[in-house]
Amino acid sequence: MSNYRIPLEVRPGITHINQLQHEQRLQLLADLLRFFQSGPEKPDTRRLRETYEDARFNGYPTSFLKTLVGALAACGLLDLPPHKATRAAGYITTREGLLVLALFEKRLAG
């Protein structure tokens with residue numbers, strides 16, 4: 001699989017998804033969906049705050065990642081379980097999100 005990740009020194013200046021090339025957008029969205037993916041044996045959510053500890057998201061502005069995660073949740077690719085609707089709530093990739101992730105990975109592979 002090709003690596004379309006954005007160099008660390010460029011990331012702080014990114015404020016809109018339109019600043020990325022098509023493949024870079026797919027890579028970032030695939031990384032987010034993969035990050036929130038949970039195993040079927042023990043479905044569990046992950047907090048947005050946890051992305052700050054992941055090297056794939058280092059350097060991106062917090063507001064940018066928060067907006068992307070909100071958009072993924074709004075279109076049904078991420079889910080915020082109703083029993084965890086608190087400030088410290090976590091997200092989980094939905095079944096539809098897993099299908100889209102597979103499409104993104106296929107597209108990135110060539």
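In what follows, the accompanying structure is described. Note that this is a predicted model, so its numbers are computed, not measured. (Residues numbered from 1 in each chain as written. Predicted model: local features only at pLDDT ≥ 70, side-chain atom pairs only at ≥ 80, totals over all residues. Heavy atoms only, no water.)

This paragraph deals with the sheet that holds strand 1 (residues 46-47). The antiparallel open sheet is built from three strands, whose spatial order is 1-3-2. Looking at strand neighbours, the two that pair on one side only are strand 1 and strand 2 (78-79), the edges of this open sheet. Pairing between strand 2 and strand 3 (residues 90-93): two bridges, direction antiparallel. Directly across from Asp79, in strand 3, lies its bridge partner Ile92. (Pairing = 2+ DSSP bridges. Helix = DSSP H or I, 4+ residues; strand = E, 2+ residues; numbered from the N terminus.)

Among the structural elements, Gln24 can be located in helix 1 (residues 22-35). Of note is the side chain of Gln24, whose polar atom sits 2.9 Å from the backbone nitrogen of Gln21. (Polar contact = N/O pair within 3.5 Å; in protein donor to acceptor, adjacent residues only side chain to side chain.)

With 13 residues, helix 2 (residues 62-74) ought to run about 18 Å at 1.5 Å a step, and its terminal C-alpha atoms sit 18 Å apart, in line with that. Residues of helix 2 that are buried include every one of Phe64, Leu65, Leu68, Val69 and Leu72, and no others. Taken down its axis, helix 2 places every buried residue within 130° of arc, on the same side. Turned more than 90 degrees from where helix 2 packs its buried face, Ser63, Lys66, Thr67 and Ala74 sit exposed. The secondary structure elements touched by the buried residues of helix 2 are helix 1, strand 2 and strand 3. Phi for Gly76, located one or two positions after helix 2, is positive at around 90°. (Expected span 1.5 Å × (residues − 1). Buried < 20%, exposed > 50% of the residue type's maximum accessible area, 1.4 Å probe, protein only. Arc of directions from axis to C-beta. Contact = heavy atoms within 4.5 Å.)

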